[in-house]
Amino acid sequence: MDLILYSCKARLNSYFRHKKMQRVLLLALGIVLSAFYAWLITFLLQQAREGGLNMDVSQMLGYTNLLLLSFTILRGFFPAYIPKADFINRIYPIKPLKRFWTELIVELVSPFYFVLLNFLLLLCMMSPDYTVLHLAQSFLVFLTAHITRRSLQVFIERRINWRGSAFWGAVIMVGAFIALEARAPMFEPVTSVMMLVVHLASLACFLVANYLLEQAAYEPKRRTVNYSNDARRSLGWRLFKNHKMAKQLLLFGLGFKVLMLGIDATVYSAKGIHMLDKNVSLWLFVGPLVIYTYVFNNVWGFYKNLWLTTERATGNYKEFLKASLLPLRMPILIDAAIVVLYVAFFNHEQATFILLMYSAAVLVLTPIGIIASFTSPKMVKGGILSFSAKTSYLYSFISILLLGLLFLPLLHPMLYMVYPVVIALTVFAMVAVLQEYKQYKYKLFETLYKTE
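Throughout, residues of each chain are indexed from 1 in the direction in which the sequence is written. Predicted model: local features are reported for residues with pLDDT of at least 70 only, side-chain atom pairs are reported and counted for 80 or more only, and whole-chain, interface and lining totals are derived from all residues. Excluding hydrogens and water, the side-chain figures rest on all heavy atoms present in the structure.

1. Observations regarding the overall build of the protein
Here is the rule: The helix and strand labels rest on DSSP assignments: H or I over at least four residues marks a helix, E over at least two residues marks a strand, and numbering proceeds from the N terminus. Each residue's exposure class comes from its accessible area (1.4 Å probe, protein chains only) as a fraction of the maximum for that residue type: buried when under 20%, exposed when over 50%, partly exposed otherwise. In what follows, residue pairs with any heavy atoms lying within 4.5 Å of each other are defined as contacts. For accessible areas, the Shrake-Rupley method is used with a probe of radius 1.4 Å. Any residue's cover is judged against the shown protein chains and nothing else.
Counting secondary structure elements, the protein contains 20 helices and two strands. Counting every position in the protein, which comprises 452 residues, the buried fraction comes to 45%. Residue pairs at least 24 apart in sequence account for 77% of intrachain contacts in the protein once pairs closer than 6 positions are excluded. For the protein, the exposed surface amounts to about 23800 Å²; the carbon and sulfur share of it is 68%.

2. A few points about the packing of aromatic side chains
Test applied: What counts as a ring pair is set by centres within 6.5 Å for rings of Phe, Tyr and Trp (its six-membered ring), and what kind of pair is set by the plane angle: stacked under 30 degrees, edge-to-face over 60, tilted for all other angles.
Throughout the structure, instances matching the rule amount to 17 aromatic pairs. Note on Trp162 and Phe167: the rings are 5.0 Å apart at their centroids and 80 degrees apart in plane angle, and the pair reads as edge-to-face. Using a relative accessible area of 11% as the deciding quantity, one classes Phe167 as buried. An aromatic cluster is built from Phe71, Phe112, Tyr113, Phe139 and Phe142, whose rings are joined through pairwise contacts.

3. Thoughts on helix α20 (residues 437-449)
Our working definition: Expected span of a helix, by definition, is 1.5 Å for each gap between consecutive residues, and there is one gap fewer than residues.
Taking 1.5 Å per residue, 13 residues should reach 18 Å; α20 reaches 17 Å between its end C-alpha atoms and fits that length. Among all positions of α20, only Tyr437, Leu444, Thr447 and Leu448 are buried.

4. Some remarks on the nonpolar core
Put simply, the rule reads: To define a nonpolar core, start from buried Ala, Val, Leu, Ile, Met, Phe, Trp, Tyr and Cys residues and group those joined through side-chain atoms within 4.5 Å.
Judged by nonpolar contacts, the single largest core of 69 residues is most densely connected at Ile291, Phe296, Trp300 and Phe374. Setting aside residues up to four positions removed in sequence, Phe296 forms contacts with Leu250, Ile291, Tyr303, Pro327, Leu328, Pro331, Gly369 and Ser373. Core analysis: the next-biggest nonpolar cluster, separate from the first, contains 33 residues, Phe100, Leu104, Leu122 and Phe142 among them.

5. Observations concerning the packing of helix α3 (residues 57-74) against helix α5 (residues 111-126)
The following threshold applies: Every angle, taken between N-to-C directions, lies between 0 and 180 degrees, and every axis is a line fitted to C-alpha atoms, over only the stretch in contact when it is a helix. Each angle gets one of four labels, with under 35 degrees taken as roughly parallel, over 145 as roughly antiparallel, 65 to 115 as roughly perpendicular, and the rest as oblique. Think of it as three bins: nonpolar holds Ala, Val, Leu, Ile, Met, Phe, Trp, Tyr, Cys and Pro, charged holds Asp, Glu, Lys and Arg, and polar takes everything else, Gly as well.
At a minimum axis distance of 12 Å, the contact between α3 and α5 shows a crossing angle of 170 degrees. By the angle between their directions, the pair α3 and α5 is classed as roughly antiparallel. Note on element contacts: α5 touches α3 through Phe112, Tyr113, Leu116 and Leu120, opposite Leu68, Phe71 and Thr72. When its residues are assigned to classes, the contact of α3 with α5 shows six nonpolar, one polar and no charged.

6. Considering the side chain of Glu181
Note the threshold: His is not counted, nor are the chain ends, whereas Lys and Arg count as positive and Asp and Glu as negative. Put simply, a salt bridge is a Lys or Arg side-chain nitrogen that is within 4 Å of an Asp or Glu carboxyl oxygen. Definition of a polar contact: a pair of N or O atoms within 3.5 Å, with one able to donate and the other able to accept a hydrogen when the atoms are protein atoms, and with sequence-neighbouring residues admitted only if both atoms are side-chain atoms.
Relative to the assigned elements, Glu181 resides in helix α7 (residues 165-183). Arg183 is the oppositely charged side chain nearest to the buried, salt-bridge-free Glu181, at an N-O distance of 11 Å. A distance of 2.8 Å separates the side chain of Glu181 from the backbone nitrogen of Met186, its partner in a polar contact. Among the polar contacts made by the side chain of Glu181, one reaches the side chain of Ser202 at a distance of 3.0 Å. Other than its neighbours up to four places away in sequence, Glu181 contacts Met186, His199 and Ser202.

7. Considering the environment of Lys318
If you trace the backbone, Lys318 turns up in helix α15 (residues 317-325). On a C-alpha basis, the gap between Lys318 and Gln435 in space is 9.9 Å, while along the polypeptide they are 117 residues apart.

If you want it as structure tokens, here you go:
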């Protein structure tokens, strides 16, 4: 217990050690938003009870749990991948079960889960349709989502002993979890305490599976760099291929995008409708957002040697602009090819909007990425498995906001007039930042090359 309390205290202190005021304000904003969404769900539940929606209260509660499940899982992968934190190094003489429980509990001590719990408690107090039984079920739902995310992170970050007894034990327990969920899905609202006991049993099976999976994960994946001596290879290709960490993050982000578009394509093939039409937020995955929020909002953090070479060679802002675009070339081509294939086979109806929006997004997000790289650089350290942020959270949210403005033509074609305004403003801001490069380069050098 002392180890858990100490670890929780250290984790809370780490959140507010730097930029304390900014993080306190963000936490306060999260609490306000949780109250707003609790009121919104309460209103929708009331409308469903009175027949004002095309669904009943039970369906509305099920959709709320599904949203809770998906948002908790997606938080670890979008807008940027958050690696799993190993709070206790494996060389310490601590029993594996004690380490597992400590890390699991400490991971739940975060502002995100605090805001989420605040939302659920407010919803329970505001809505008569959301009972204490439903509150307990939602708690089990987001615990299941958290364990799902941990399991995915283990597969991504560590080598697995596929032939070991621990892995096969995890497979058996996952099978038990799936069998129980197939008979009684956890997201469907419960009507009795007995169903809550069934869900608790399925969560226990999944928890044991996660523990056994961590025991089967014996070492981190090794990072290797393969250099090419082929002179015909472009510099953009070499910058993409030879930077292992950037390539891994970009490929993971692109794979996540393919998954989301693939789900939409599957639904369209089966039912003839698009998930994008039902949930506007999914349009974020059509644009090139993941490329920037994963890597290119901190291009000099990843390619600091390229920045230093350009600085020592010329120091000219035009050369910095060219150097910023070099690593971006190959990922943009791959991302654009994915979007073109999606449009060609599954979304002819919105082809004009998607292609215009994608082109405008590149023209908007590229200047924002260059601005972020100069004004808010991050030192990329510890490899892909580290817990440190790889890009600025502030500029990730700014990128999401600006990309959201490009969806306005879905409301009316006249709103395409927003595009040149947004593009012009971002380009103007980029030029202003580049002209002040002499003030930023000292901060860049201190951030990228400081020693600890």
